[in-house]
Amino acid sequence: MEALFSIPKNSVFWAWMILLITALGTYSWRGLGVLLSGKLTQESPWFRWITCVTYAMVASLVIRIIVLPVGILAQMPLSYRLVATGTALAIMMLKKNSLVLALSIGTLLMSALAFLDSASR
Amino acid sequence: MYALPGQVVFVEMIALGASGFAIAVAAILTGARFLPMTLTLVPQIPKEDRSRSLYATAHFISMTSWAVMMRDFGKIAPERRNAYFTGFGLVCWSSGLPGTMIGYLLAGHVPTPITIGLVMLNPLFFLLSFTEVKAQVNRLALLIGGISGPIVYSVSPSWSILICGLVGGSAAFLIDLSLKRNS
């Protein structure tokens with residue numbers, strides 16, 4: 001079974017097939033959502049419950065990416081990521097409708113900290 | 001495949017030399033969040049505006065479009081929501097496709113600190129958009145999910161999103177329900 005599905009190192013065709021299967025599988029969650037939402041209305045308690053589940057799900061993913069990232073962000077100390085996040089949040093809270101400003105400053109601050117970090121090594 | 005975490009899993013597992021079957025299962029599982037996300041968006045569109053075309057436009061559902069729709073649907077007349085969602089999704093796709101190509105060509109030529117800032121842009125955007133969530137019960141769900149996220153992840157990386165969502169979200173829903181009964 002395992003050997004049947006393993007990508008031979010030189011087989012470009014199989015790699016594309018696996019990508020196609022993954023893409024179809026990823027879409028199927030959205031399609032299933034449309035199918036199941038057929039009878040659901042905004043007033044239903046089911047809808048309110050699923051909204052809670054979705055918010056908790058998305059929040060857990062976002063905070064996890066900031067606190068325990070994988071890849072290039074993990075090269076930076078936690079304190080840098082928290083400073084950039086905290087600054088952006090503070091701007092957002094203090095000034096109304098400042099999403100773009102808060103996002104730009106948070107991102108630039110992260111780049112600046114990363115730059116200082118690489119310069120000090 | 002229009003989903004960043006799934007793409008990351010896909011590429012990382014290829015680099016590790018995992019079997020194609022394992023890659024497909026792992027990457028598809030990371031897309032499970034699209035099910036509840038679709039279930040929270042579609043009911044906000046009036047029934048008479050829902051048709052089979054939703055199976056096509058459902059492709060536009062992503063973290064970004066979901067966060068923006070959850071913020072804006074409340075301010076938009078229900079009969080205009082489907083058009084707003086479709087238009088937003090089209091803009092995302094038509095800027096995302098050339099953006100991906102440019103990113104592919106530029107990769108390796110961008111200084112690392114800039115890349116780190118841009119990688120941070122993604123979670124920051126979602127975190128900031130959460131501050132605009134109004135309903136108390138949803139704020140509670142965000143709080144419980146956010147706190148439990150990293151904790152559960154250190155125990156079970158692959159199931160953490162599902163566990164935090166189902167357990168944390170249900171907890172927020174029940175706490176809010178009991179608070180309302182008592183008041």
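Before reading further, recall that the structure is shown in the block above.
Sequence order sets the numbering: in each chain, residues are counted from 1 along the sequence as written. Going through the entries in the order they are written, you letter the chains from A and number the ligands from 1. Given that the model is predicted, a residue must reach a pLDDT of at least 70 before its local features are reported, and side-chain atom pairs must reach 80 or more before they are shown or counted; all residues, however, enter totals for whole chains, interfaces and linings. Note: side-chain values were computed over all heavy atoms of the structure, leaving out hydrogens and water.

Trainee: How would you summarise the packing of aromatic side chains if you had to cite specific residues and measurements?
Mentor: In summary, the pairing rule links any two rings of Phe, Tyr or Trp, Trp by its six-membered ring, whose centres are within 6.5 Å, and it sorts them by plane angle into stacked for under 30 degrees, edge-to-face for over 60 and tilted for everything else. The tally for this structure, following the rule as stated, stands at seven aromatic pairs over all chains. Centre to centre, the rings of A:Trp46 and A:Trp49 are 5.9 Å apart; their planes meet at 80°, and the pair counts as edge-to-face. Within this pair, A:Trp46 and its partner A:Trp49 are both found in helix α3 (residues 45-67), separated by three residues, close to a single helical turn. Under the scheme applied here, a residue whose accessible area is under 20% of the maximum for its type counts as buried, over 50% as exposed, and between as partly exposed, the area being computed with a 1.4 Å probe on protein chains only. Residue A:Trp46 is classed as exposed on the basis of its relative accessible area, which comes to 57%. Note on A:Trp49: relative accessible area 25%, which makes it partly exposed. A ring pair is formed by B:Phe60 and B:Trp93, whose centres lie 5.8 Å apart and whose planes are at 75°; its orientation type is edge-to-face. A run of H or I in DSSP counts as a helix once it spans at least four residues, and a run of E counts as a strand once it spans at least two, with each numbered from the N terminus.

Trainee: Give me the lowdown on the nonpolar core, citing residues and values where you can.
Mentor: Counting 53 residues, the largest nonpolar core has A:Val62, B:Leu41 and B:Phe130 as its most contacted members. Only heavy atoms matter for contacts: two residues are in contact if any of them lie within 4.5 Å across the pair. In this structure A:Val62 touches B:Met63, B:Pro123, B:Phe126, B:Leu127 and B:Phe130, once residues within four positions along its chain are discounted. By size, the runner-up hydrophobic cluster in this structure holds seven residues, among which are B:Val9, B:Phe10, B:Met13 and B:Ala27. Working definition of a nonpolar core: buried Ala, Val, Leu, Ile, Met, Phe, Trp, Tyr and Cys residues. They are joined through side-chain atoms within 4.5 Å.

Trainee: Provide a residue-level description of the packing of α3(A) against helix α5 (residues 63-72) of chain B, including the pertinent values.
Mentor: A fitted line through C-alpha atoms represents every axis, and for helices the fit uses only the stretch in contact; the resulting angles, taken between N-to-C directions, go from 0 to 180 degrees. For the pair α3(A) and α5(B), the least separation of the axes is 13 Å and the interaxial angle reads 130°. It follows from the interaxial angle that α3(A) and α5(B) lie oblique. Of the two elements, α3(A) crosses α5(B), and the hand of that crossing is left-handed. When α3(A) is examined against α5(B), the residues A:Thr51, A:Thr54, A:Tyr55, A:Val58, A:Leu61 and A:Val62 are found in contact with a partner set consisting of B:Met63, B:Trp66 and B:Met70. Any residue that is not Ala, Val, Leu, Ile, Met, Phe, Trp, Tyr, Cys, Pro, Asp, Glu, Lys or Arg is counted as polar, Gly included; the first ten are nonpolar and the last four charged. Per-class residue counts for the contact of α3(A) with α5(B) are seven nonpolar, two polar and no charged. Geometric relationships in this document are graded by angle, where less than 35 degrees denotes roughly parallel, more than 145 denotes roughly antiparallel, 65 to 115 denotes roughly perpendicular, and other angles denote oblique. Crossing chirality is assigned from the near helix's rotation relative to the far helix, an anticlockwise turn below a right angle marking it left-handed and a clockwise turn marking it right-handed.

Trainee: How would you summarise the interface of chain B and chain A if you had to cite specific residues and measurements?
Mentor: Residue-level contacts link 78 residues of chain B with 72 residues of chain A. What gets called buried area is simply the loss in accessible area from a 1.4 Å probe that two parts show on being joined, summed for both. Of the roughly 6900 Å² buried where chain B meets chain A, counting both sides, 80% is carbon and sulfur surface. On the chain B side of the interface with chain A, the three residues burying the most area are B:Ile116, B:Met120 and B:Leu128, jointly 9% of the side's total. For this document, the term salt bridge refers to a Lys or Arg side-chain nitrogen within 4 Å of an Asp or Glu carboxyl oxygen. Our count for the contact surface shared by chain B and chain A stands at zero salt bridges. In protein, a polar contact requires one atom able to donate a hydrogen and another able to accept it; more generally it is a pair of N or O atoms within 3.5 Å, and residues adjacent in sequence count only if both atoms are side-chain atoms. On the surface where chain B and chain A come into contact, there are ten residue pairs in polar contact (both at pLDDT 80 or more). Those elements giving two or more residues to the side of chain B that touches chain A turn out to be α2 (20-30), α3 (34-41), α4 (54-57), α5, α7 (112-130), α8 (136-155) and α9 (160-182) of chain B. Broken down by element, the side of chain B that touches chain A gets its largest block of residues, 18 residues, from α7(B). Taken together, the residues of the side of chain B that touches chain A sort by class into 50 nonpolar, 22 polar and six charged.

Trainee: Quick one: what's the story with a nonpolar patch on the surface, residue by residue and with numbers?
Mentor: Residue and element names in this part refer to chain B. The residues that make up patches have over 30% relative accessible area and no salt bridge, and they are joined within 9 Å when like-charged or within 5 Å when they are Val, Leu, Ile, Met, Phe, Trp or Tyr. Calculation of accessible area relied on Shrake-Rupley with a 1.4 Å probe; when residues are assessed, cover is drawn exclusively from the protein chains displayed. Nonpolar side chains collect at one region of the surface, where Phe21, Val25, Leu29, Trp159, Leu162, Ile163, Leu166 and Val167 lie side by side and expose about 690 Å² of accessible area between them. If you list the elements that add at least two residues to the nonpolar patch, you get α2 and α9. For the nonpolar patch, the leading source of residues is α9, giving four residues.

Trainee: Give a detailed account of the pattern of salt bridges, specifying residues and quantitative values.
Mentor: Residue and element names in this part refer to chain B. Tallied over the full model, the rule gives four salt bridges over all chains. A salt bridge links Asp72 to Lys75, with the nearest nitrogen and oxygen atoms 3.5 Å apart. The class of Asp72 is buried, set by a relative accessible area of 8%. The structure contains a network of salt bridges with shared partners spanning Arg71, Asp72, Lys75 and Glu132.

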